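# Topology and contacts: notes
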Amino acid sequence: MSIDRCDIAVVGAGAAGLFAAVWAGRTLQKRGLSGRVIAFDGARKLGAKILVAGGGRCNVTHHVVDEQAYAGSSRNAIRQVLRRFDVAATVRFFSELDVELKREETGKLFPTTDDAHTVLNALLRAAREAGTELRHPWRVREVRHVGQDSHRFEVVGEPGASSDHPDDRVIRARMVILATGGMALPRTGSDGAGYGFARALGHSTTPRIVPALVPLLLGDGGVFIKDLSGLTLPATIELWSSTGRKLQSFTNSTLCTHFGLSGPSVLDMSRYWLEAHHQDPGATLTMNWLPGKTVEGLDQLLSSPASGTTVGRALAGHAPERLARAVCAKVGVEFAQTLAQLKREHRKAIATMLARCPLNVTGDRGFTFAEVTAGGVPLSELHLGSMESRVCPGLYLCGEICDVDGRIGGFNFQWAWASGFLAGQGAAAALAEGDTATKPSRDQPD
Ligand SMILES: Cc1cc2nc3c(=O)[nH]c(=O)nc-3n(C[C@H](O)[C@H](O)[C@H](O)COP(=O)(O)OP(=O)(O)OC[C@H]3O[C@@H](n4cnc5c(N)ncnc54)[C@H](O)[C@@H]3O)c2cc1C
């Protein structure tokens, strides 16, 4: 067995790992140092998640990013990382690589090519230009701390047959950057192995690691919604505690499907729902299919004195006909029934189904269909100026392995860019200073 050596081993070459590798390489170059940076990835093809992101267009970031768009670790800690590499820095970084970003009405930023390959190719080129070696398929099995000499880590791997270095199974490294992602879309190579590496090196992970930005499944009570499969409309999804307190609310495009609900509003709500339901099994979700309208307002609309008007006509212009028909069928009212014939309890039932429709959520579609992971290594265990571990000097963490998850809209990549930048720069700066135990003075309390 041969043992190779490097200065910085980046484990995982997704968005955060590639970014960390670029900035580690650039920082060493800037300081005139010839350190060796190797990024390892188990995937045969790099960047699968970047390529599927944003429907193949890659929503690189959002026009306005702040900590309010994230959950997991404390918002103050998240802010400290985000502000060190902001949206303007992301736009500049890609522009310098000839990738121009355009802002859409929603505030999301995409490459002007509308093609995620542009983003991935630029990152791979930047990594090469920064002198980084990319090794794949090279699946890491173990990361161990082997003593106090300069190369204090061993990265033990399983190079694929097509790897450029099929015989190198153990790499000694001075520093390790863990960028193995979470567990969302595991077929891309992110299967949660990194949590085990972090734990073996002394870190904790949150008690719960669950899918986020994940579609929700509806039980039998949601049949009328499943029958609307394919219908997309703006709607407000609301989360209520068992005591009736509104905990969270998202208004955005909502998609009815054969299994339940999806679309940005539902994906954004999913992590809050899973968390609330775990802590308070009596927590509930409701949908307002007509954002801005209330049960009382709709009740009034349906009590219109124009008694010749049918229910269908009264709702036209307010609700899509398919939805209005389905709600009428659900409460047992003819669409063509006149308002004069409408019983009070039916009027109330229609208004409730439209403005505060109870959702019988039975679960979520799991990591296979999730876009990100909620949970991971708490930021309180890292120095936020560099993403260096507080428990294992020389170890750095970035990206989705951290207990940070963002909303739909480019926020998760912005987290990967910001934390990857800090980890890469931090590891290289510590290498340059020759002292991995020295903590950056700019670090602030969480
Ligand atoms: C379908 C989909 C669409 C998305 N769209 C967007 C979007 O448009 N905008 C946005 O902001 N976010 C989007 N996201 C979320 C975003 O892709 C992630 O938040 C981001 O990719 C996380 O980056 P990461 O580098 O931390 O992890 P990952 O991208 O998951 O990368 C981790 C890498 O580590 C490698 N790895 C893992 N374990 C090992 C191991 N043991 N050995 C070697 N290599 C290993 C994996 O192969 C992988 O390449 C989307 C996610 C999905 C699933």
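Keep in mind that what you see is a predicted model, and the values were worked out from it rather than measured.

Neighbouring the ligand are 32 residues; Asp-41, Val-140, Ser-190, Glu-400 and Phe-413 lie closest to it. Within the backbone of Asn-59, one N or O atom sits 3.0 Å away from a nitrogen atom of the ligand. Summarising the interface, the protein chains cover 94% of the accessible area of the ligand, which totals 1,000 Å² for the free molecule. Elements represented by at least two residues in the shell around the ligand include exactly helix 1 (15-30), helix 2 (48-56), strand 8 (138-145), helix 6 (193-200) and helix 13 (411-433).

Here the structure, examined in full by the defined rule, presents 23 salt bridges. Close ionic contact of Glu-129 with Arg-125 constitutes a salt bridge, the shortest N to O distance being 3.9 Å. Of this pair, Glu-129 and Arg-125 are both found in helix 5 (residues 116-129), four residues apart, which corresponds to roughly one turn of the helix. Here Arg-125 falls in the partly exposed class, since its relative accessible area comes to 30%. A salt bridge links Asp-299 to Lys-348; its shortest N-O distance comes to 3.4 Å. Here Lys-348 lies in helix 12 (residues 344-355) and Asp-299 lies in helix 9 (residues 295-301), a separation of 49 residues in the sequence. Via salt bridges that share partners, Asp-4, Arg-36, Glu-133 and Arg-135 belong to a single interconnected network.

Let us now look at the nonpolar core. Core analysis: the largest hydrophobic core is formed by 91 residues, its most contacted members being Ile-8, Phe-93, Val-176, Leu-178, Leu-379 and Trp-415. Top element by residues in this core is helix 13. It accounts for 13 residues.

The next point concerns the domain arrangement of the protein chain. It is common to report an interface's size as the accessible area lost on association of the parts. Examined at the domain level, the protein chain breaks down into domain 1 (2-210 + 372-433) and domain 2 (216-364). In this structure, domain 1 and domain 2 have C-alpha centres spaced 41 Å apart. Contact residues are listed per partner, giving nine residues for domain 1 and nine residues for domain 2. Summing the contributions of domain 1 and of domain 2, the shared interface buries around 760 Å²; its carbon and sulfur component is 52%. Along the contact surface separating domain 1 from domain 2 lie three salt bridges. The salt bridge involving Asp-268 is made with Arg-407; its shortest N-O contact spans 3.4 Å.

The topology assignment puts Arg-169 in strand 10 (residues 168-178). Placed 129 residues apart in sequence, Arg-169 and Phe-40 show a C-alpha to C-alpha distance of 12 Å.

Its 14 residues give helix 5 an end-to-end C-alpha distance of 20 Å, which sits within 8% of 20 Å, the value for a rise of 1.5 Å per residue. Every buried residue of helix 5 is accounted for by Ala-116, Val-119, Leu-120, Ala-122, Leu-123, Leu-124, Ala-126 and Ala-127. Where helix 5 is buried, its residues meet helix 1, helix 2, helix 4 (87-96), strand 6 (108-111), strand 7 (133-135) and helix 13. Backbone geometry just after helix 5 places Gly-131 at a positive phi near 80°.

With that out of the way, let us pick up the state of the cysteines. In the structure shown here, the tally under the stated rule is zero disulfides. Unpaired in this structure, Cys-58 has its nearest cysteine sulfur neighbour in Cys-398, at a distance of 17 Å. Taking the relative accessible area as the measure of exposure, Cys-58 reaches 0% and is therefore buried.

All right, on to the sheet that holds strand 15 (residues 260-262) then. Taken in spatial order, the seven strands line up as 17-16-13-14-15-12-18 in an open sheet, and their pairing is antiparallel. Every other strand in the sheet has two partners, leaving strand 17 (357-359) and strand 18 (361-364) as the edge strands with one partner each. Strand-to-strand, the axes of this sheet are offset by a mean angle of 40°, without reference to chain direction. Bridge count between strand 12 (residues 216-218) and strand 18: three bridges; the pairing is antiparallel. Residue Leu-217 lies in a different strand from strand 18, and its bridge partner there is Gly-363.

Let us now look at the environment of Asp-220. Here Asp-220 lies in the loop between strand 12 and helix 7 (223-226). Between the C-alpha atoms of Asp-220 and Val-361, which are 141 residues apart in sequence, the distance is 9.5 Å.

Relative orientation of the contacting elements helix 3 (residues 75-82) and helix 13 amounts to 70°, with a least axis distance of 9 Å. The pairing of helix 3 with helix 13 is recorded here as roughly perpendicular in orientation. Judged by residue contacts, Ile-78, Val-81 and Leu-82 of helix 3 engage Gln-414, Trp-415, Ala-418, Ser-419 and Leu-422 from helix 13. Here the residues of the contact of helix 3 with helix 13 are counted per class, giving six nonpolar, two polar and no charged.

Before going further, it helps to spend a moment on the packing of aromatic side chains. Overall, the coordinates contain 13 aromatic pairs when judged by the stated rule. On the basis of an interplanar angle of 85° and a centroid distance of 5.0 Å, the ring pair of Phe-93 and Phe-94 is categorised as edge-to-face. By the burial criterion, Phe-93 is buried, and Phe-94 matches it. Between the aromatic rings of Phe-94 and Trp-417, the centroid separation amounts to 5.5 Å while the plane-to-plane angle is 65°, which identifies the pairing as edge-to-face. Within this pair, whereas Phe-94 is found in helix 4, its partner Trp-417 is found in helix 13, the two being separated by 323 residues in sequence. In this pair, the class of Phe-94 matches that of Trp-417, namely buried.

Glancing now at the sheet that holds strand 5 (residues 101-103). Read from one edge of the open sheet, three strands run 3-6-5, paired in antiparallel fashion. Looking at which strands have only one partner, the edges of the open sheet turn out to be strand 3 (61-62) and strand 5. In this sheet, strand 6 lies alongside strand 3 in antiparallel orientation, the contact comprising two bridges. What sits directly across from Thr-61, in strand 6, is Leu-109.

Here is what the cut-offs are and how they apply
Residues numbered from 1 in each chain as written. Predicted model: local features only at pLDDT ≥ 70, side-chain atom pairs only at ≥ 80, totals over all residues. Heavy atoms only, no water. Near = heavy atom within 4 Å. Polar contact = N/O pair within 3.5 Å; in protein donor to acceptor, adjacent residues only side chain to side chain. Areas by Shrake-Rupley, 256 points an atom, 1.4 Å probe, with all protein chains shown as cover. Helix = DSSP H or I, 4+ residues; strand = E, 2+ residues; numbered from the N terminus. Salt bridge = Lys/Arg side-chain N within 4 Å of Asp/Glu carboxyl O. Buried < 20%, exposed > 50% of the residue type's maximum accessible area, 1.4 Å probe, protein only. Core = buried A, V, L, I, M, F, W, Y, C linked by side-chain atoms within 4.5 Å. Domains from an automatic or database assignment. Contact = heavy atoms within 4.5 Å. Buried area = accessible area lost by both parts, 1.4 Å probe. Expected span 1.5 Å × (residues − 1). Disulfide = S-S within 2.5 Å. Pairing = 2+ DSSP bridges. Axes fitted to C-alpha atoms, helices over the stretch in contact; angles between N-to-C directions. Parallel < 35°, antiparallel > 145°, perpendicular 65-115°, else oblique. Nonpolar A, V, L, I, M, F, W, Y, C, P; charged D, E, K, R; others polar. Phe/Tyr/Trp six-rings, centres within 6.5 Å; stacked < 30°, edge-to-face > 60°.

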